[in-house]
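# Structural overview for review
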Amino acid sequence: MHCVIDRAVRFLCELIPDPAPLPAIAPLVDALNVPGPVVQQLNSLCSGSLQSEGCTAALGQTLTGAIDNLPAQALSDVSSALVPVITALELPRNVAAVVGLNCSSLPLSTACANLLNGLAIQAPAAEQLITNAAAASLVQTNHQVSDFALSTIVPDSLGRATGPAATLRSVTPSVTTFGISGISQTLHDGFVVKSPHVARNRTLAFDSLDAGITLGMRFEASKIANLPPDHLTFGVFGNYTNSDVDFEPDAVLRDFGFRNAGDGNVDSGSGGAYTLLTNGRLYGLVLASGEFGSASVHDSILNARSNFDTGGFASSLIGGIVVPVGAVAKIDFRGSLNYLICRADDFTDSANIQYRDGKLETSSGALSVRLFTAWQRGQTVFRPFVQGGVDERFDYDNEIQVEGVNFSFEEGDTTLFGRVGLDFDVGDYTQAYAAFRADHNEDFDTIAGQIGLTVKLN
């Protein structure tokens with residue numbers, strides 16, 4: 001009996017044609033192949049005014065959910081590679097209303113295409129920026145530790161000149177503890193979208209505030225290797241850094257009235273070790289560290305939240321020479337080779353968008369010059385310094401997969417940096433330093449402050 005009734009209902013439904021959409025939305029609705037119940041809902045919401053929020057929100061949600069039904073000529077400048085991501089977006093009502101207001105006719109306008117492309121890029125960019133923030137905290141820690149380790153190199157042979165130069169020396173007891181506290185702020189214009197290709201190809205901008213502390217121990221190991229004192233040093237360290245990141249909409253989304261793109265946070269820890277070999281004039285430093293972090297992201301435009309873990313590894317090989325300049329000053333010529341990789345775990349955010357294979361991997365080389373001098377007041381030795389250099393990337397991979405679409409980002413390869421500060425020794429038991437560092441790239445600027453303290457244990 002039930003089977004007979006079901007067949008009868010299906011027969012009657014076949015006799016009743018699908019409702020015709022309103023003339024104003026008919027081309028879009030027909031091209032999207034929208035089912036009858038949705039057409040009825042659109043007709044009801046849009047019968048009064050096509051500009052009402054109810055109508056535009058429904059049109060926006062309908063378009064993004066079925067945009068893969070549109071023929072290529074109707075997509076206009078919408079990137080076909082981004083269609084799977086656009087289809088997966090569960091747009092909040094206010095965002096869907098903006099889409100419906102700007103995307104109600106075919107072919108889709110350039111403004112509509114820019115909007116849809118921008119929304120599709122928003123998802124991977126917001127998540128990948130946090131992975132980059134975790135990597136940046138690891139790099140900052142390594143910079144702090146290497147700067148600290150190399151600040152102790154002062155050639156005895158040069159330091160025994162007359163006057164203030166006689167105070168230039170290395171404080172390297174057999175075992176010391178050290179602590180470094182650092183804070184930095186990065187202002188980034190956003191990454192360039194390398195792939196997939198879109199007409200407006202820059203991601204949202206972001207500001208990152210990083211604050212951390214590093215604790216470690218340093219061991220004078222020259223005797224073990226039958227070397228003169230202060231020639232061989234080992235160090236181990238651990239770091240905690242908190243990074244707060246604020247997202248800013250890109251130019252396209254700002255044009256459509258979006259002002260707040262969201263924020264993120266990373267709590268990361270790292271640990272590592274270094275070896276320093278020097279004769280007071282020539283030196284070599286090898287440093288390596290690993291990172292593990294917990295990240296959270298709030299995407300205000302897509303109203304999505306996510307939590308995931310990060311992990312990374314960084315290493316540096318640094319070499320240089322210290323030479324005299326006049327009677328009281330020295331110059332440190334320094335070069336380095338650097339490697340960094342940071343990965344994010346796979347995850348699905350609260351809007352049910354899937355993220356896979358988030359990774360940042362880079363290799364680079366740097367050259368710098370550091371000028372310093374010294375003077376002594378009582379038991380305290382002061383060594384002011386100024387440093388400048390350039391870092392050049394050899395290779396850069398910044399990528400993530402979203403809903404099966406591979407996204408790749410890039411930024412400028414050349415970074416100029418400068419550093420100014422003061423090292424000082426207080427008696428035979430304490431060494432400290434304070435410094436400021438600034439980095440400039442065509443895509444970002446970073447300012448960092450650092451303070452460090454070393455205390456002799458024996």
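The structure we're discussing is the one just above.
Residues numbered from 1 in each chain as written. Predicted model: local features only at pLDDT ≥ 70, side-chain atom pairs only at ≥ 80, totals over all residues. Heavy atoms only, no water.

## Describing the overall build of the chain
Let me state the cut-off plainly: Counting from the N terminus, the helices are DSSP H or I runs at least four residues long and the strands are E runs at least two residues long. Here, two residues are considered to be in contact whenever any of their heavy atoms come within 4.5 Å of each other. In short, Shrake-Rupley with a 1.4 Å probe defines the accessible areas, and a residue's cover is counted only from the protein chains shown. We treat Lys and Arg as the positive residues and Asp and Glu as the negative residues; His and chain ends play no part in the count. Throughout, a charge is located at the NZ atom of Lys, the CZ atom of Arg, the CG atom of Asp or the CD atom of Glu.
The number of helices and strands found in the chain is 10 helices and 16 strands. For the chain, the spread of C-alpha atoms along the principal axes amounts to about 105 × 45 × 30 Å. Contacts in the chain between residues at least 24 apart in sequence constitute 69% of all its contacts with a sequence separation of at least 6. Put simply, the chain shows about 19900 Å² of open surface, and 58% of that area lies on carbon and sulfur atoms. Put simply, the chain has 26 plus and 48 minus side-chain charges, and the middle of one group is 11 Å from the middle of the other.

## A few points about the pattern of salt bridges
Applicable threshold: Salt bridges, as used here, are contacts in which a Lys or Arg side-chain nitrogen is within 4 Å of a carboxyl oxygen on Asp or Glu. Note on classification: 1.4 Å probe, protein chains only; a residue is buried when its accessible area is under 20% of the maximum for its type, exposed when over 50%, partly exposed between these limits.
Going through the model one piece at a time under the given rule, you end up with 10 salt bridges. Across the pair arginine 202 and aspartate 443 runs a salt bridge, and its minimum N-O distance is 3.2 Å. In this pair, arginine 202 sits in the loop between strand E2 (192-195) and strand E3 (205-220) while aspartate 443 sits in the loop between strand E15 (430-441) and strand E16 (444-456), placing the two residues 241 residues apart along the sequence. You can call arginine 202 partly exposed: its relative accessible area is 34%. On the basis of relative accessible area, aspartate 443 is assigned to the buried category, the value being 3%.

## Some words on the nonpolar core
So the rule is basically this: Working definition of a nonpolar core: buried Ala, Val, Leu, Ile, Met, Phe, Trp, Tyr and Cys residues. They are joined through side-chain atoms within 4.5 Å.
In this structure, Leu63, Ile67, Leu108, Leu116, Leu119, Phe247 and Phe407 are the most contacted members of the largest nonpolar core, which totals 82 residues. Of all the elements, helix H8 (residues 110-151) adds the most residues to this core, at 16 residues. The contact partners of leucine 116, leaving out residues within four places of it in the chain, are Leu63, Thr64, Ile67, Val78, Ile86, Val99, Cys103 and Leu108. Counting residues in each nonpolar core, the second largest holds 19 residues, with Leu150, Ile153, Tyr274 and Ala435 among its members.

## Points about the side chain of serine 270
Structurally, serine 270 is set in strand E5 (residues 262-278). Excluding residues within four positions of it along the chain, serine 270 makes contact with Leu138, Thr141, Phe237, Gly238, Asn239, Gly290, Glu291 and Phe292.

## Quick notes on the state of the cysteines
Put simply, the test is: Disulfides are defined as cysteine sulfur pairs within 2.5 Å.
Within the structure shown, the criterion is met by two disulfides. Through a disulfide, cysteine 103 is tied to cysteine 112; the S-S separation comes to 2.0 Å. Around the S-S axis, the bridge from cysteine 103 to cysteine 112 shows a dihedral of about 110° and counts as right-handed. Exposure class is identical for cysteine 103 and cysteine 112. Each is buried. For the chain, the disulfide bridges join cysteines in the arrangement 1-2, 3-4, where the cysteines are counted in sequence order.

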